[in-house]
Amino acid sequence: MSDKEEFIKYLEGICSEGWHVVSLQLENSSSGPLSIILEPMGDLLTLAPGTKYEVIGQQPRDYGIHLEFSQDYIQVWVESFSGVFQGDVALETTYYLICRQKMQESST
């Protein structure tokens, strides 16, 4: 099972009533890198030109992932646990590392 598949399965298993798993594709079609800040933990990511990331997280029903754009960066707000993936491979963001630890603990 890929990082992404395992993470989605984990999030679906711990979702509280009234919450759901959501995703958002980010693609950099510009000629320069884009700075992404994953909130609420403040993880700073760089999205290289021609690169795609997928943000997956938990949100209350009727809410999606919130984006804030500035001249210098894009803030990505997810209310609960989240992960960022390039293809099926996870980037080592704070919440993903916390979830990975919990996934490993629950499998032993």
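Below is a summary of the structure that appears in this document. Keep in mind it's a predicted model, so treat the numbers as computed, not measured. (Residues numbered from 1 in each chain as written. Predicted model: local features only at pLDDT ≥ 70, side-chain atom pairs only at ≥ 80, totals over all residues. Heavy atoms only, no water.)

**With respect to the sheet that holds strand β7 (residues 82–86)**
Two strands in a sheet stick together by hydrogen bonds in their backbones, pointing the same way (parallel) or opposite ways (antiparallel).
Then step 1. Reading across from one edge, β1-β4-β7-β8 is the order of the four strands in this open sheet, with antiparallel pairing throughout. Of all strands in the sheet, those with a lone pairing partner are β1 (19–27) and β8 (89–90), marking the two edges.
Then step 2. Where β7 lies against β8, two bridges are found, and the strand directions are antiparallel. The partner of phenylalanine 85 across the bridge, within β8, is alanine 90.
Then step 3. Sitting on the sheet, helix α1 (residues 3–14) touches β1, β4 (52–60), β7 and β8, and the angle it makes with β4 is about 10°. (Pairing = 2+ DSSP bridges. Helix = DSSP H or I, 4+ residues; strand = E, 2+ residues; numbered from the N terminus. Contact = heavy atoms within 4.5 Å. Axes fitted to C-alpha atoms, helices over the stretch in contact; angles between N-to-C directions.)

**Digging into α1**
For the α-helix, the turn length of 3.6 residues means that residues three or four positions removed from each other point alike.
Then step 1. The end-to-end C-alpha distance of α1 is 17 Å, a good match for the 16 Å that twelve residues give at a rise of 1.5 Å each.
Then step 2. Residues Lys4, Phe7, Tyr10 and Leu11 constitute the buried set of α1. Buried residues of α1, seen end-on, are gathered within an arc of 130° and therefore sit on one face of the element. Turned more than 90 degrees away from the buried face of α1 sit Lys9, Glu12 and Gly13, all of them exposed.
Then step 3. Of the surrounding elements, those touching the buried residues of α1 are β1, β4, β7 and α2 (94–106). (Expected span 1.5 Å × (residues − 1). Buried < 20%, exposed > 50% of the residue type's maximum accessible area, 1.4 Å probe, protein only. Arc of directions from axis to C-beta.)

**What about α2?**
Then step 1. Helix length check: α2, at 13 residues, gives a terminal C-alpha distance of 19 Å against a target of 18 Å (1.5 Å per residue), a fit within 8%.
Then step 2. Buried residues belonging to α2 abut α1, β3 (43–47), β7 and β8.

**Quick notes on the nonpolar core**
Then step 1. Core analysis: the biggest nonpolar cluster contains 14 residues, and Leu26, Ile36, Tyr53, Val55, Val76 and Val84 have the highest contact counts within it.
Then step 2. With sequence-adjacent residues up to four places away left out, valine 55 is seen in contact with Val22, Ser23, Leu24, Leu26, Leu38, Ile65, Val76, Val78, Gly83 and Val84.
Then step 3. Core analysis: the second largest hydrophobic core is formed by eleven residues, Tyr10, Leu11, Cys99 and Met103 among them. (Core = buried A, V, L, I, M, F, W, Y, C linked by side-chain atoms within 4.5 Å.)

**A few points about the side chain of glutamine 58**
Then step 1. Along the chain, glutamine 58 falls in strand β4.
Then step 2. The exposure class of glutamine 58 is buried, given its relative accessible area of 5%.
Then step 3. Polar side-chain contacts of glutamine 58 include one of 3.1 Å to the backbone oxygen of leucine 11.
Then step 4. Dropping the residues within four chain positions of it, glutamine 58 is found in contact with Leu11, Ile14, Cys15, Trp19, His20, Val78, Glu79, Ser80 and Phe81. (Polar contact = N/O pair within 3.5 Å; in protein donor to acceptor, adjacent residues only side chain to side chain.)

**Quick look at the sheet that holds strand β2 (residues 34–39)**
Then step 1. Pairing is mixed in the open sheet, where four strands are placed in the order β3-β2-β6-β5. Of all strands in the sheet, those bounded by a partner on one side alone are β3 and β5 (66–69). Mean inter-strand twist for the sheet, computed between neighbouring axes without regard to direction, equals 25°.
Then step 2. In this structure, β2 lies alongside strand β6 (residues 74–77), joined through four bridges in parallel fashion. The partner of isoleucine 36 across the bridge, within β6, is isoleucine 74.

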